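Report on the structure
Here is what each chain is made of, one letter per residue.
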Protein chains: 2
Amino acid sequence: MVRWEPGARERLRNAALDLYATHGFEQTTAADIAQSVGLTERTFFRYFADKREVLFAGQELFQEVFVAGVAAAPDGSSALDAVSFALQAATSFFPDDRRAYSRQRNAIIVANPGLHERELLKMAWLSQGIAEALRGRGVGEPQATLAAETGVTVFGVAYRQWLAEGEERSLGTIEAEVLGEVRALSAIVR
Amino acid sequence: MVRWEPGARERLRNAALDLYATHGFEQTTAADIAQSVGLTERTFFRYFADKREVLFAGQELFQEVFVAGVAAAPDGSSALDAVSFALQAATSFFPDDRRAYSRQRNAIIVANPGLHERELLKMAWLSQGIAEALRGRGVGEPQATLAAETGVTVFGVAYRQWLAEGEERSLGTIEAEVLGEVRALSAIVR
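This report concerns the structure included in the present document. (Residues numbered from 1 in each chain as written. Chains lettered and ligands numbered in written order. Predicted model: local features only at pLDDT ≥ 70, side-chain atom pairs only at ≥ 80, totals over all residues. Heavy atoms only, no water.)

1. A closer look at the relation of the copies chain A and chain B
- Under the fitted operation, chain A is carried onto chain B by 0.0 Å of movement along the axis and a turn of 180°, and the coordinates agree to an RMSD of 0.0 Å. Classification of the inter-copy transformation places it as that of a two-fold axis. (Least-squares fit on C-alpha atoms with pLDDT ≥ 70 in both.)

Here's what the structure looks like:
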């Protein structure tokens, strides 16, 4: 019989982040995480495939927000404009009250090469999802892949700036600035 | 006493690729690889940290070629021009007679998520190396990171096309075409 644990997923996730931050990711087991919030290891595995996936839960939703943004961009948008539209739509995923959590998560990931690799794979999937959505709008190749990769680059640069110590601007504001730099960078004629 | 084995590194690498391709990466051990060319497992580990690293040997040299290319770009080049110069310089690393080997390596990597993650990390390092070389030329941030990421994107798209079935153009020719698409993509004014 499976007992329903109200809020178990979120409690496990918060406990995991605290343990990874204080004891280190490698040193923390799924059992440690479960115990720290009075749950069993078995309950942990009902919510997460393994202790790494705690940090990557919600990845599908994250990607869907970008993909839906590309699809919802105004008719007649260029590939890069559709990506820009999606970047702004996806900022709903990163309100300013999430910044502290994102900073904690990021510190854990950059400290562990295996987690860093996993994060890169997540971004590669995001790029593939955006490219597919662009092809769905009739954008050809290699333009769809190039615009998608450019969007993921802009997101990555803006996101790291959003997490930087003392940064208070919203992710959307930073993204708009970085996108402007990308347009300027590539507009240079030899 | 360490016995010198002429050509051992290359024999081990070629044997590893054949075994990964025929039996699968997970199913192949370091001992299997060493045995197949009449060497011991201990000899294998003198050349490679583990069976994964066989596929990523030469990574430092690969990065150095790009970094040297950025440094050697003509004075007064824009960030993107310096990256473009480095992309052309790095094609020396991928002559057409290497295409068959690169295709075999790539097929092994895309079939295994762990290897795919490792390859993404290699490209992330490449991007960081290029960005550092650009900052060394006086390019500021975020322009250095954006130009470096754009270069790695162009390389990735061109490299996958270079590996495509039936493709016969050189990597340099394909890169020039993809770079032209990037410039066109970003030059669009809203």
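2. A closer look at the pattern of salt bridges
Residues and elements named next belong to chain B.
- In the structure shown here, the tally under the stated rule is 18 salt bridges over all chains.
- Between arginine 99 and aspartate 96 there is a salt bridge; the shortest N-O distance is 3.2 Å.
- For aspartate 96, a relative accessible area of 40% corresponds to the partly exposed category.
- The partner of glutamate 177 in a salt bridge is arginine 169, and the shortest N-O contact between them spans 2.8 Å.
- When its relative accessible area of 44% is taken as the criterion, glutamate 177 is described as partly exposed. (Salt bridge = Lys/Arg side-chain N within 4 Å of Asp/Glu carboxyl O. Buried < 20%, exposed > 50% of the residue type's maximum accessible area, 1.4 Å probe, protein only.)

3. Here's the deal with empty space enclosed by the protein
- Under the criterion given, the structure shown has one cavity of 30 Å³ or more.
- When its volume is computed, the largest cavity comes out at roughly 40 Å³.
- Lining the largest cavity, in full, are A:Glu149, A:Thr150, A:Thr153, A:Val182, B:Leu146, B:Glu149, B:Thr150 and B:Thr153.
- Residues that form the lining of the largest cavity fall into these classes: two nonpolar, four polar and two charged. (1 Å grid on protein atoms, 1.4 Å probe; cavity = no way out; pocket = protein on both sides within 12 Å on 5 of 7 lines; lining within 4 Å. Points joined across faces, edges and corners; volume = space filled by probe spheres on them. Nonpolar A, V, L, I, M, F, W, Y, C, P; charged D, E, K, R; others polar.)

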